[in-house]
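Below, each chain spelled out in residue letters.
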Amino acid sequence: MLILRAKHALIDPRLKQEGVQDNVAVVIDQGRVLEIVPDTPASLARFPDAQVLGNGRQLLMPGLVDAHSHGRGLSPIQKGVRNDFLENALFDWSAMIVLPPELTAAMCAYRHLRSGCTTLHHNGFDDDVSGPQAAHTAIDHYLRTGLRLAFSPGLRNESKLALDEFAFFETLPADLQDWARPRVFYDKQALEDNYFGLFDDLHSRYDDEDTRILLSPSWAHGASASFLQRSRAESDRRGGVKIHIHTLQTPVQKAYGFRQHGVSTVRWLDDLGFLNENVVFGHAIHITEADIALMAKRGVAMTHHPSCNFIMRNGLAPLPQLLDAGVLVAMGMDDKTINDDEDAIMESRMVHKMHRCATYDLTQPAMDAYTALELSTINGARVCGFGDSLGTLKPGMKADAILVDLDNICDDPWLDSRADIVEAFLQRGLGRDVSSVVVGGKVVVKERRFQQLDVDALFREVRDFCARGISDAQRERVAQLQRLKPYVHAWYAGWHDTMLETPFYRFNSRS
């Protein structure tokens with residue numbers, strides 16, 4: 001049994017200020033919240049054998065959820081590569097050192113837990129050179145850290161080098177065609193079959209009340225119709241497994257939908273019978289008003305990655321319009337955060353701040369902190385497949401919680417007593433203010449000391465591995481992809497021109 005003491009406790013962000021209770025203790029038993037009692041000696045005396053955590057001067061709140069990450073362990077700049085437009089980055093990222101899965105899992109868990117993120121969705125890539133065993137290794141090492149995990153193996157079975165891959169291939173000179181041929185002409189059915197074999201293996205082995213294995217056709221613009229329909233059928237067969245799919249991250253992708261299918265990508269997905277309440281779009285920046293209405297009608301959810309969208313020059317997702325339409329939106333960090341540190345509190349602040357210029361109507365209030373935190377807790381839990389069992393601290397819920405020191409928030413040098421503590425937290429708090437982290441009733445970070453991770457040893461292993469550099473084979477692959485890159489630029493030239501008209505956001509005027 002565990003008791004968490006707090007000066008302020010955010011029990012349920014959906015209730016706004018009514019969801020905050022002061023001077024209380026949350027009692028946890030068998031991994032779930034048992035009850036909430038006054039933080040008094042008499043109340044605590046009822047549980048003489050309980051471990052007590054917290055000094056009674058902190059903010060207690062549900063653990064944050066990163067609903068979309070790729071588990072790289074280190075950021076691109078730490079690996080010597082700059083981020084850019086996705087269409088460029090897909091070639092540039094090839095130069096990055098690829099950490100083995102045991103190190104990426106441990107590093108991701110460390111970076112998430114230290115800032116109060118208790119649940120991570122690792123959205124996998126299909127090009128992992130280690131093959132299926134890497135997924136098993138990553139999951140095993142994630143679970144050793146105490147982090148709560150949702151894991152989705154990913155696959156692109158179309159357009160690996162460029163969108164409309166066969167036509168693009170014809171634009172290449174003969175020597176580049178020789179190199180590109182196996183990357184354009186490949187057995188899509190075999191890829192599908194192998195993917196569902198891996199998913200079945202992972203799901204049967206790891207999926208339970210505390211861990212979720214999800215589906216992920218990686219990209220809507222990189223998946224065949226048969227693969228998408230098979231994913232939907234597999235989801236249905238297993239009772240509604242969540243399907244995460246990158247959708248309309250860039251204007252080039254938006255253009256491809258219309259060029260390839262004659263309708264928007266979202267409409268094409270719906271015509272395939274793919275869309276329902278178990279589908280989660282990643283990014284969804286370049287959707288239309290009609291797309292939003294269709295998403296709301298079908299119950300499609302979305303993960304929103306504000307820092308990544310800035311860093312990769314993608315644009316602004318129309319979050320206010322999505323929320324107004326009733327679309328479920330969750331926060332994701334996507335390995336690319338504004339301070340390059342995967343600080344889940346700071347990313348929640350980015351959600352809160354990025355959309356303040358959606359309107360100049362003086363009567364229209366901006367998003368409040370409670371809504372932003374709802375995206376980072378309850379909504380994140382739902383899109384990760386944990387339903388309504390995670391994301392609040394109400395009795396009966398899974399006990400994932402964080403204690404946040406308020407010294408920097410309230411005493412640097414002063415905070416007016418009239419201030420809403422949750423608004424103050426989101427305005428001023430940072431990941432470094434997180435003192436303790438509890439996942440499923442287990443203390444995984446206690447007063448900033450990791451209980452299941454040897455951080456110093458982990459850092460030594462990462463440094464030793466990275467010091468080896470990249471292999472000759474990887475160096476050759478990088479060189480060929482850089483040769484290919486100008487042809488991709490020529491291929492996509494002009495695609496985006498008509499895709500950026502009549503934007504959702506209008507910040508200023510040239511005249």
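Residues numbered from 1 in each chain as written. Predicted model: local features only at pLDDT ≥ 70, side-chain atom pairs only at ≥ 80, totals over all residues. Heavy atoms only, no water.

A.B. asks: Looking at this model, I keep getting lost on the sheet that holds strand S12 (residues 301-304). Mind explaining?
C.D. replies: Across a sheet, paired strands are connected by hydrogen bonds in the backbone, their directions being either parallel or antiparallel. One open sheet accounts for four strands, arranged S10-S11-S12-S13; its pairing is parallel. Looking along the sheet, the strands with just one partner apiece sit at the ends: strand S10 (243-247) and strand S13 (329-331). When strand polarity is set aside, the average angle formed by the axes of neighbouring strands in this sheet is 30 degrees. Here five bridges tie S10 to strand S11 (residues 279-283), and the two strands are oriented parallel to one another. The partner of Thr247 across the bridge, within S11, is His283. Each of S12 and S13 is contacted by helix H14 (residues 344-354), which is oriented at about 135 degrees to S13, the strand it contacts most. Sheet strands in contact with helix H16 (residues 378-386) are S10, S11, S12 and S13, and its direction is about 100 degrees off that of S13. (Pairing = 2+ DSSP bridges. Helix = DSSP H or I, 4+ residues; strand = E, 2+ residues; numbered from the N terminus. Axes fitted to C-alpha atoms, helices over the stretch in contact; angles between N-to-C directions. Contact = heavy atoms within 4.5 Å.)

A.B. asks: Could you clarify how one ought to interpret the pattern of salt bridges in this entry?
C.D. replies: Two side chains that carry opposite charge are able to pair once their charged atoms sit near each other. Inspection of every chain in the model, using the stated rule, returns 32 salt bridges. Note that Arg5 is salt-bridged to Asp39, the shortest N-O span being 2.9 Å. One end of the pair, Arg5, is in strand S1 (residues 2-10); the other, Asp39, is in the loop between strand S3 (32-38) and helix H1 (41-44), and 34 residues separate them in sequence. With a relative accessible area of 18%, Asp39 lands in the buried category. Here Arg313 and Asp84 are joined by a salt bridge, their closest N and O atoms 2.7 Å apart. (Salt bridge = Lys/Arg side-chain N within 4 Å of Asp/Glu carboxyl O. Buried < 20%, exposed > 50% of the residue type's maximum accessible area, 1.4 Å probe, protein only.)

A.B. asks: What am I meant to see in the layout of surface pockets here?
C.D. replies: Considering only enclosed or pocket space, the second largest pocket measures out at about 830 Å³ in volume. Taken together, 30 residues form the lining of the second largest pocket, with Pro251, His286, Asn314, Met499 and Leu500 sitting closest to its centre. Among the secondary structure elements, those contributing two or more residues to the lining of the second largest pocket are helix H2 (86-92), helix H9 (251-261) and helix H20 (472-492). With three residues, the top contributor of residues to the lining of the second largest pocket is H9. Residues of the lining of the second largest pocket, tallied by class, amount to 14 nonpolar, ten polar and six charged. (1 Å grid on protein atoms, 1.4 Å probe; cavity = no way out; pocket = protein on both sides within 12 Å on 5 of 7 lines; lining within 4 Å. Points joined across faces, edges and corners; volume = space filled by probe spheres on them. Nonpolar A, V, L, I, M, F, W, Y, C, P; charged D, E, K, R; others polar.)

A.B. asks: Is there a simple way to explain the packing of aromatic side chains in this structure?
C.D. replies: What characterises a pair of aromatic rings is the spacing of the ring centres plus the angle enclosed by the ring planes. Across all of its chains, the model carries eleven aromatic pairs by this definition. Ring geometry for Phe196 versus Phe227: centroids 5.7 Å apart, planes at 75 degrees, classification edge-to-face. Separated by 31 residues along the polypeptide, Phe196 in helix H7 (residues 188-206) and Phe227 in helix H8 (residues 225-237) bring together distant segments of the chain. Neither residue differs from the other here; Phe196 and Phe227 are each classed as buried. Ring geometry for Trp491 and Trp495: centres 6.0 Å apart, planes at 55 degrees, overall tilted. By relative accessible area, which is 6% here, Trp495 ends up buried. Positioned above the aromatic ring of Phe386 is the side chain of Arg148, whose terminal nitrogen or guanidinium carbon lies 5.7 Å from the ring centre. (Phe/Tyr/Trp six-rings, centres within 6.5 Å; stacked < 30°, edge-to-face > 60°. Lys NZ or Arg CZ within 6 Å of the ring centre and 35° of its normal.)

A.B. asks: Looking at this structure, how should I read unusual backbone geometry?
C.D. replies: Here the residue pair Asp412 and Pro413 is connected by a cis peptide bond, since its omega of -5 degrees sits within 30 degrees of zero. Relative to the assigned elements, Pro413 resides in the loop between helix H17 (407-410) and helix H18 (421-428). The backbone phi angle of Asp164 is positive, close to 60 degrees, even though this residue is not glycine. Here Asp164 is to be found in the loop between strand S8 (148-152) and helix H5 (165-169). Note on Asp164: relative accessible area 26%, which makes it partly exposed. Positive phi, normally seen in glycine, also occurs at Asp335, with a value near 65 degrees. Of the residues examined, Asp335 reaches a relative accessible area of 5% and is grouped as buried.

A.B. asks: Is there a simple way to explain the sheet that holds strand S7 (residues 117-123) in this structure?
C.D. replies: The four strands lie next to each other as S6-S7-S8-S9, forming an open sheet whose pairing is parallel. Each of the sheet's edge strands pairs with one partner strand only, and the pair in question is strand S6 (64-69) and strand S9 (211-213). The sheet shows a mean angle of 10 degrees between the axes of neighbouring strands, direction not considered. The sheet contact formed by S7 and S8 spans five bridges and is parallel. Counterpart to His121 in the pairing with S8 is Ala150.

A.B. asks: Is there a simple way to explain helix H4 (residues 132-145) in this structure?
C.D. replies: Those residues of H4 that fall on the buried side of the exposure criterion are Ala134, Ala135, His136, Thr137, Ala138, Ile139, Tyr142 and Thr145. Looking at the buried side of H4, the elements it contacts are helix H3 (101-113), S7, S8, H7, S9 and strand S16 (442-446). Backbone geometry just after H4 places Gly146 at a positive phi near 95 degrees.

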